[in-house]
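# Observations on the model geometry
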Amino acid sequence: MPELPEVETVRRGLAPVMEGVTIRQADVRRKNLRFDFPDQLAERLQGRQVISLGRRSKYLLADLDDAQVLVMHLGMSGSFRVVEAEDAHLIGKESFHRARGKLPQHDHVVLHLTSGASVLYNDPRRFGFFDLIPRAVLAEHPYFAKLGVEPVGNMLDAAYLAARFSGKKTPLKTALLDQHIIAGLGNIYVCEALYRSGLDPKRAAGSLVTKAGKASAKLQLLTDEIRATIAEAIEAGGSTLRDHTRADGSLGYFQHRFKVYDREGDPCQNEACSGTIERFTQSGRSTFFCPKCQK
Ligand code: ZN
């Protein structure tokens, strides 16, 4: 499943192609993905200019010139790719798709832009979805109404987490995965940030808050590491984006090396530590951690 840095990478790849450009024609090739497509989606997109392409949590948000927002979610296996004008006649041709590792029958939505470029949405497992929501009610929509803060930039700070964690006996990792507290922070990056902060995923979230309700030094460190972990992954996505764009215009997934995630049995990478990375299940998700240096 794409995590926030991958979705942000997709946004950065699509923005220069879509922003300020008009959708000449939209092909919607199925009735549904995870949910039904909105009624008349193709007709409603035709002739619309994309004002800007934003992101909230793992949702891509294309602001259209009729005050609607096209909401796009990649689900488990969704990806976008850009086909430049000179290749547009090859869309749907088997050999063209095979060279790009995508099957044409999984291209469910194609946006033909007035620039001549096309944006294709491919999704073999069809857990992704598209929705069209008026800009004026977007923030109150059930997708967004209860989302917590973004884990990027200065949106997330230790005082905010102290207020949310105060008195909480919930395991720290579970609290960090709670989308009502931080939006879009997934399992991989929570494992990484906890490892980098030297914090035990099982300790109570409230243990990082002082009696006066202030953030402890450890919570400050954790906050910094969450933001740094996400920022580094977005940066890594940016470099794969340049490679990908050169190679095939594909956007969606990138390989990234993690310090602790998916490293069960490996030696701890902390130089001062002789521990071994362990895995256990927490709230139905795999937690990877070093029992020696995460306290
Ligand atoms: Zn260690």
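Please refer to the structure higher up on the page.
Residues numbered from 1 in each chain as written. Predicted model: local features only at pLDDT ≥ 70, side-chain atom pairs only at ≥ 80, totals over all residues. Heavy atoms only, no water.

### Considerations on helix 4 (residues 158-165)
Where helix 4 is concerned, the buried positions are Ala158, Leu161, Ala162 and Phe165. Buried residues in helix 4, looked at end-on, bunch into an arc of 105°, giving them a common side. Turned more than 90 degrees from where helix 4 packs its buried face, Ala159 and Ala163 sit exposed. The N-terminus of helix 4 is capped by Asp157, whose side-chain oxygen sits 3.3 Å from the backbone nitrogen of Ala159. At the C-terminal side of helix 4, Gly167 shows a positive phi close to 75°. (Buried < 20%, exposed > 50% of the residue type's maximum accessible area, 1.4 Å probe, protein only. Helix = DSSP H or I, 4+ residues; strand = E, 2+ residues; numbered from the N terminus. Arc of directions from axis to C-beta. Polar contact = N/O pair within 3.5 Å; in protein donor to acceptor, adjacent residues only side chain to side chain.)

### Comments concerning the nonpolar core
In a soluble, globular protein the nonpolar side chains are often hidden away together inside. The biggest cluster of nonpolar side chains holds 32 residues, and the ones touching the most others in it are Leu45, Leu70, Phe80, Leu111 and Phe130. The element that contributes the greatest number of residues to this core is helix 1 (residues 4-18), accounting for six residues. When sequence neighbours within four positions are dropped, the list of residues in contact with Phe130 reads Leu33, Phe37, Pro38, Leu41, Leu70, Val71, Met72, Phe80, Val109 and Tyr121. Leu161, Leu176, Leu177 and Leu199 belong to the second-largest nonpolar core, a separate cluster that totals 29 residues. (Core = buried A, V, L, I, M, F, W, Y, C linked by side-chain atoms within 4.5 Å. Contact = heavy atoms within 4.5 Å.)

### Thoughts on the sheet that holds strand 2 (residues 50-56)
Sheet strands pair by backbone hydrogen bonding; their relative direction is either parallel or antiparallel. Reading across the sheet, the four strands line up as 2-3-4-8 and stay open at both edges, with antiparallel pairing between neighbours. Strands at the two margins of the open sheet, each flanked by one partner only, are strand 2 and strand 8 (129-134). Ignoring which end each strand starts from, the neighbouring axes of this sheet average 20° apart. For strand 2 and strand 3 (residues 59-64), the ladder comprises six bridges, and the chain directions are antiparallel. In the sheet register, Arg56 faces strand 3, and the bridge partner there is Tyr59. Lying on the sheet, helix 1 is in contact with strand 2 and strand 3; it crosses strand 2 at an angle near 175°. (Pairing = 2+ DSSP bridges. Axes fitted to C-alpha atoms, helices over the stretch in contact; angles between N-to-C directions.)

### With respect to helix 6 (residues 187-197)
Burial of helix 6 is extensive: ten of the eleven residues sit out of reach of the surface. For helix 6, the full list of buried residues reads Asn187, Ile188, Tyr189, Val190, Cys191, Glu192, Ala193, Leu194, Tyr195 and Ser197. A positive phi of about 70° marks Gly198, the residue just after helix 6.

### Side note on the coordination of the zinc ion
All of the protein donors around the zinc ion are Cys268 (SG), Cys273 (SG), Cys290 (SG) and Cys293 (SG); their distances to the metal are 2.3 to 2.4 Å. Of note is the zinc ion, whose four donor atoms meet at the metal with angles of 104 to 117° in an arrangement that counts as tetrahedral. One chain supplies every donor for the zinc ion, spaced along it as C-x4-C-x16-C-x2-C. Residue Cys273 is found in the loop between strand 9 (250-251) and strand 10 (278-282), and its partner Cys290 is found in the segment after strand 11 (285-289); the two are separated by 17 residues along the sequence. (Donors = N, O, S within 2.8 Å, 3.2 Å for Na, K, Ca; no water. Tetrahedral: all angles 85-135°; square planar, octahedral: opposite > 155°, others 65-115°.)

### With respect to unusual backbone geometry
Even without being a glycine, Ser57 presents a positive backbone phi close to 50°. Along the chain, the position of Ser57 falls in the loop between strand 2 and strand 3. Ser57 sits in the buried class, given a relative accessible area of 5%.

### Topic: the pairing of strand 4 (residues 68-73)
The buried count for strand 4 comes to six of six residues, which makes it a mostly enclosed element. Where burial is concerned, the two faces of strand 4 agree: the one with Gln68, Leu70 and Met72 and the one with Val69, Val71 and His73 are both buried. With five bridges connecting them, strand 3 and strand 4 associate as antiparallel partners. Bridge assignment links Tyr59 to a residue of strand 4, and that residue is His73. The pairing of strand 4 with strand 8 spans six bridges and is antiparallel. By the bridge assignment, His73 is partnered in strand 8 with Phe129.

Everything listed is a geometric property; what it means functionally is a separate question.
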